[in-house]
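# Understanding the architecture of this molecule
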Amino acid sequence: MRKHLPQCPLGEGKDNFVQCPMEALKWEERKCLILEEILAYKPDILCLQEVDHYFDTFEPLLSRLGYQCTFFPKPWSPCLDVEQNNGPDGCALFFLKDRFELIDSANIRLTAMKLKTNQVAIAQTLKCHETGRLFCIAVTHLKARTGWERFRSAQGCDLLQNLKNITQGAKIPLIICGDFNAEPTEEVYREFSNSSLNLNSAYKLLSPDGQSEPPYTTWKIRPSGECRHTLDYIWYSQHALNVNSALGLLTEEQIGPNRLPSFNYPSDHLSLVCDFSFNQDPDRLL
């Protein structure tokens, strides 16, 4: 079983990318680049956040390519405040129907301090046609901005608890893709690292020691200055799954002096793409 898991935040609105030409932010311009990237990777599974063109673009196009499509919007999407908006943004999950069978699906509205929040997740249990084995794939997008660290931590705890129930305490292998809006120094990162679900971060594979995250997954220039952060992750059940490869991230030279997004790259975040396989003996590390 091989799965590719790109992530490209696709929302439009009040982002203030001061070095990005306005023409490059137009949906017609960005749409072509996004679809080109998806077609280039040909993912078995695709996880997206900040999707506000699901019904007019992603669902009709990707369903024709053989994907089963699921969308879960935020309850109070900031996209709705934008003039001539295209509806609410949210998370979207796509998988190839000739590779996998949908066994169960859950749309999760994340809570924090027992309060329902504006952030969401999708979790689906799939059966691999090739091996007959089950696994769970989830996509999420946690609360943004400095000062909301405890809030993100609470959302992460809620998501982990939901996933524990769905995977029967890690009996079903798990992959979680998301924009966590959190550097590896944050509490929510430690929660996932230390979870009883025995998760590891796939992109550590690219580091020399296999223990470090990439130096950045997003790089943009806003009125407040340059923002270069590691916020996006692919977590996986390390006792049941192997990371066979991970797509290298763009270099500073490739990104260019005006950073992201641009006429070459349609998102302010970089795509994360991994190949996974099942361990032959899923219980060997338990």
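Values in this document were obtained by computation on a predicted structure and should not be read as measured data.

## So, the sheet that holds strand β7 (residues 174-179)
- With mixed pairing, six strands are arranged side by side in an open sheet as β4-β5-β6-β7-β11-β8. The sheet is open, and its two edges are formed by β4 (100-112) and β8 (199-201), each paired on a single side. Shown here is a sheet whose adjacent strand axes are inclined to one another by a mean of 20 degrees, direction ignored.
- Inspection of the sheet shows strand β5 (residues 115-128) paired to strand β6 (residues 134-141) by seven bridges, in the antiparallel sense. Paired with Gln124 across the two strands is Ile137, which belongs to β6.

## Things to note about the sheet that holds strand β2 (residues 67-73)
- Across the sheet, three strands lie side by side as β1-β3-β2; this open sheet has antiparallel pairing. Every other strand in the sheet has two partners, leaving β1 (45-51) and β2 as the edge strands with one partner each. Ignoring which end each strand starts from, the neighbouring axes of this sheet average 15 degrees apart.
- Taken together, the five bridges between β1 and strand β3 (residues 90-96) define a ladder with antiparallel strand orientation. Residue pairing for β3: Ile45 is matched across the bridge by Phe95.
- Contacts from helix α3 (residues 54-64) reach β1, β2 and β3 within the one sheet, and its direction differs from that of β2 by about 160 degrees.

What counts, and where the lines are drawn
- Residues numbered from 1 in each chain as written.
- Predicted model: local features only at pLDDT ≥ 70, side-chain atom pairs only at ≥ 80, totals over all residues.
- Heavy atoms only, no water.
- Pairing = 2+ DSSP bridges.
- Helix = DSSP H or I, 4+ residues; strand = E, 2+ residues; numbered from the N terminus.
- Axes fitted to C-alpha atoms, helices over the stretch in contact; angles between N-to-C directions.
- Contact = heavy atoms within 4.5 Å.

By themselves, these are just geometric observations and shouldn't be taken as functional.
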